[in-house]
Amino acid sequence: MTVITLPAEPRTIPTLTCDPAGIEGFAADLLTASTQVDDLGTFVPGTAPIADWTGDDAVSYHAAIRPLGERADAMSLALRQISRRTSTHAVEMQGFVDSRVELTSRRGSLIGELNGLRLSAPMVPADQVADFQDDCDRLGVQIGVFDEDVATLVEAIAAEESEMVAAFEGLQTLRQVTQRYQGVADPADAALARKPGPGAGPDAVRQWWESLSESEQFAILAASPGSIGNLDGIPAGVRDQANTTALERDLAMLELLESRGQLTGDERDHLNNARATRDAIQRVADRDDPVTGEPVQSQLYIYDPTAFDGDGRVAVVAGDLDTADNIAVITPGLTNDATKIPGNTSSALNLYEAARADDPSQSTAVMAWMGYDAPDDWDSGGVAFESMAENGGERLADTFDGINAIRTDDPHLVAVGHSYGSTTTGTAATDEGLDVGDVVLLGSPGPGDSAEHASDLGVGEDHVWVGSNSRDPVADLGDKGWVNKGNIELGLGRDPAEDDFGANRFEAEAVDRGEGLNPLNDHSKYFDHDSESLDNLAQILNGDYDEVELAEHKYDPWYSGPVDPEWDRTPETESTRGGGQ
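Every chain is numbered on its own, with residues counted from 1 as its sequence reads. Local features are withheld for residues below a pLDDT of 70 in this predicted model, meaning they are given only at 70 or higher, and side-chain atom pairs are given and counted only at 80 or more; totals for whole chains, interfaces and linings count all residues. Calculation of side-chain values draws on the structure's entire complement of heavy atoms; hydrogens and water are dropped beforehand.

This part is about the confidence of the model for the protein. The share of residues in the protein with pLDDT of 70 or more is 94%, and the mean pLDDT across the chain is 91. Considering only residues more than four positions removed or in separate chains, one finds that residues 378-383, a stretch of pLDDT under 50, has 13 contacts. Across the chain, each position has a pLDDT score giving the predictor's confidence in that residue, from 0 to 100. The contact criterion used is simple: two residues touch if any of their non-hydrogen atoms lie within 4.5 Å.

Written as structure tokens, this is what we have:
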């Protein structure tokens, strides 16, 4: 009787319970702690000593605090090292999780083959036993390789965990920390000393950053995130790390002061801006990409919560600015400051989702840019003048110059301005020169006095786009040529939706236009899902220009007042959601 030897079952894969994202979050917390302690180390020899205080007491005071600063510097370096090791641990553990998933799939296939052999073995004819045994042996070799791969994974996990424990064990006490790091020079200091001066352009900044070692880059992130977080020419992912560290530091400090009832008025504004920024980032994290189903990536590209006398300067990105094929920067208008960044981020998310749903083959990043001092509250009167748009236009041009510096692969860039933000965008294009592919003006009171024609915006009139809801009173403010509100200039330049301006006007009517008592309702519908406007914006962002539904221009015949052909057209609902919500 011939005996068939079946291979043994592949070994069981041990359970692996870990949360790489949580580990990475812990690494970020450690980095924030390192930054806070580093601030203390900087404070002690800096502003802590009192210059005009002399005598024995002053000498004693300065001598007493000096060791505190030295210990703080050492602790900062230690926390930084642990943070970096923890971040590495997160990457390693994610790799182990992915490997275990792959091994689980392989084991299932091997067991399926093995079960098939078991069922067939009793029925194998005598003249086929040798061939059948060859099949068993072949499977046995595959199972042997699988078992070795499982053993390798188990050993690698154990080694990684041992190294992680050793890293923490070596820095558990103050004595261990001071012995290892006290008096050690911070590599960030030498790296920052080589940083280009204030007048350097983003290309020079990028070259400086790329010249640094990985250790120097990480040291700057820990010791001085504010020096690079808002610096054009620094990669978006790095700016996000730096600004997130600064944000977490601000929230920890200010919320502690709040709990003690010690916030000043300026600190309250600072905290409100920080909380609004956190909320905006969370809005991105709470939304799923309509193509992949994974959470949308966020980037904190600008974080300057005390700018503009407390109004703040913030920019949040939905997507990856460092890699996206298509990038849009949305500039808002009247009544906006840093506290409004969550709502602006929702608009950016809607455009991100619509663009991804329209063309899943292209990657997208959309920035909610609150990077200038827009007219709001006490300075709302500034909306009648161009000075705030001119100042904002300089900053917007700087932002695009920074993006172009870090993206040498020439992505498709689109400048989108809404309301007074369209004036800021138009002024940036005419006065500063925007290196972008397309300019989009939404609900525009005018693109600035320098733009008499679409060709003045510097991208070619075929790449100037206008969305103008016929019921939007703000979009009706611009000069229409023959008749201009009884010769009283209410707008901020030409009406870009007028025929003589020469731009592409696209359909942007809302199906619920004119509803409600607030006459400005239709001014805020351009980024609504399932709207004509958002669908056309997505086509423009993806470069699918032939798919844009064009609208008839406004015109101003000599014999009557201005006419908007869109007034009588019935709006349509356009699907823009894909898999998003």
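A few words now on the pairing of strand β2 (residues 313-319). Burial within β2 is extensive, with 7 of its 7 residues counted as buried. Where strand β1 (residues 298-304) lies against β2, 6 bridges are found, and the strand directions are antiparallel. When the sheet's bridge partners are listed, isoleucine 302 is paired in β2 with alanine 315. Where β2 and strand β4 (residues 364-370) come together, 6 bridges link them in antiparallel fashion. Bridging from a neighbouring strand, alanine 315 pairs with tryptophan 369 of β4. Note on exposure labels: buried denotes an accessible area under 20% of the residue type's maximum, exposed denotes more than 50%, and partly exposed covers the range between, all computed with a 1.4 Å probe on protein chains only. Per the convention used, a helix needs a DSSP run of H or I reaching at least four residues, while a strand needs a run of E reaching at least two, with both numbered from the N terminus. Each pair of strands is called paired provided DSSP finds at least two bridges between the two strands.

Right, let's get into a nonpolar patch on the surface. Residues forming no salt bridge and having over 30% relative accessible area are the ones grouped into patches, like charges within 9 Å of each other and nonpolar side chains (Val, Leu, Ile, Met, Phe, Trp, Tyr) within 5 Å. Accessible surface is estimated by sampling points in the Shrake-Rupley manner with a 1.4 Å probe; for residues, cover comes only from the protein chains shown. Definition used for salt bridges: Asp or Glu carboxyl oxygen within 4 Å of a side-chain nitrogen of Lys or Arg. On the surface, Leu40, Phe43 and Leu68 cluster together into a nonpolar patch covering about 240 Å² of accessible area. Residue placement: leucine 40 occurs in helix α1 (residues 20-43). Judged by its relative accessible area of 33%, leucine 40 falls in the partly exposed class.

A separate point is the pattern of salt bridges. Summed over the entire model, instances satisfying the criterion amount to 32 salt bridges. Notably, a salt bridge pairs glutamate 163 with arginine 85, separated by 3.3 Å at the nearest N-O pair. With glutamate 163 in helix α3 (residues 129-169) and arginine 85 in helix α2 (residues 56-120), the pair connects residues that are 78 residues apart, well separated along the chain. A residue is classified by how much of its surface remains accessible, and glutamate 163, at 46% relative accessible area, is partly exposed. Given a relative accessible area of 15%, arginine 85 falls into the buried group. With a closest N to O distance of 3.9 Å, glutamate 102 and arginine 106 form a salt bridge. Pair noted here: glutamate 102 and arginine 106 are both in helix α2, with a separation of 4 residues, about one helical turn. Given the relative accessible area of 40%, glutamate 102 is considered partly exposed. One salt-bridge network, in which partners are shared between bridges, spans Glu255, Glu258, Arg268, Arg275 and Arg278.

Note that threonine 570 resides in the segment after α13 (532-541). Assessed through its relative accessible area of 62%, threonine 570 is described here as exposed. For the pair threonine 570 and isoleucine 4, spaced 566 residues apart in the sequence, the C-alpha separation amounts to 77 Å.

The subject of this paragraph is helix α4 (residues 174-181). Within the span of α4, buried status applies to Val177, Thr178 and Tyr181. For α4, the angular spread of the buried residues around the axis is 95°, confining them to a single face. Away from its buried face by more than 90 degrees, α4 exposes Arg175 and Gln179. In this structure, the buried residues of α4 make contact with α2. By definition, the arc is the one covered by directions from the helix axis to the C-beta atoms.

Moving on, we get to the sheet that holds strand β8 (residues 504-506). Strand pairs in the sheet, formed through backbone hydrogen bonds, run parallel or antiparallel to each other. If you walk across this open sheet you meet the 8 strands as β1-β2-β4-β3-β5-β6-β7-β8, and the pairing is mixed. One side of each edge strand has no neighbouring strand; the edge strands of this open sheet are β1 and β8. Averaged over all adjacent pairs, the angle separating strand axes in this sheet is 20°, with direction ignored. To obtain an axis, a line is fitted to C-alpha atoms, over the contacting stretch when the element is a helix, and the angle between two such axes runs from 0 to 180 degrees between their N-to-C directions. Of the strands in this sheet, β2, β3 (326-331) and β4 touch helix α10 (residues 341-358), which is tilted by about 160° from β4.

The subject of this paragraph is the packing of aromatic side chains. For Phe, Tyr and Trp, where Trp contributes only its six-membered ring, two rings pair if their centres lie within 6.5 Å, and the inter-plane angle classes them as stacked under 30 degrees, edge-to-face over 60, or tilted in between. Considering all chains together, one arrives at 4 aromatic pairs under this definition. Aromatic side chains phenylalanine 26 and phenylalanine 168 sit 6.4 Å apart centroid to centroid with 10° between the ring planes, which places their arrangement in the stacked category. You can see phenylalanine 26 sitting in helix α1 and its partner phenylalanine 168 sitting in helix α3, a full 142 residues away along the chain. We classify phenylalanine 168 as partly exposed; its relative accessible area is 31%. For the pair tryptophan 369 and tyrosine 372, a centre-to-centre distance of 5.7 Å together with 10° between the ring planes defines the contact as stacked.

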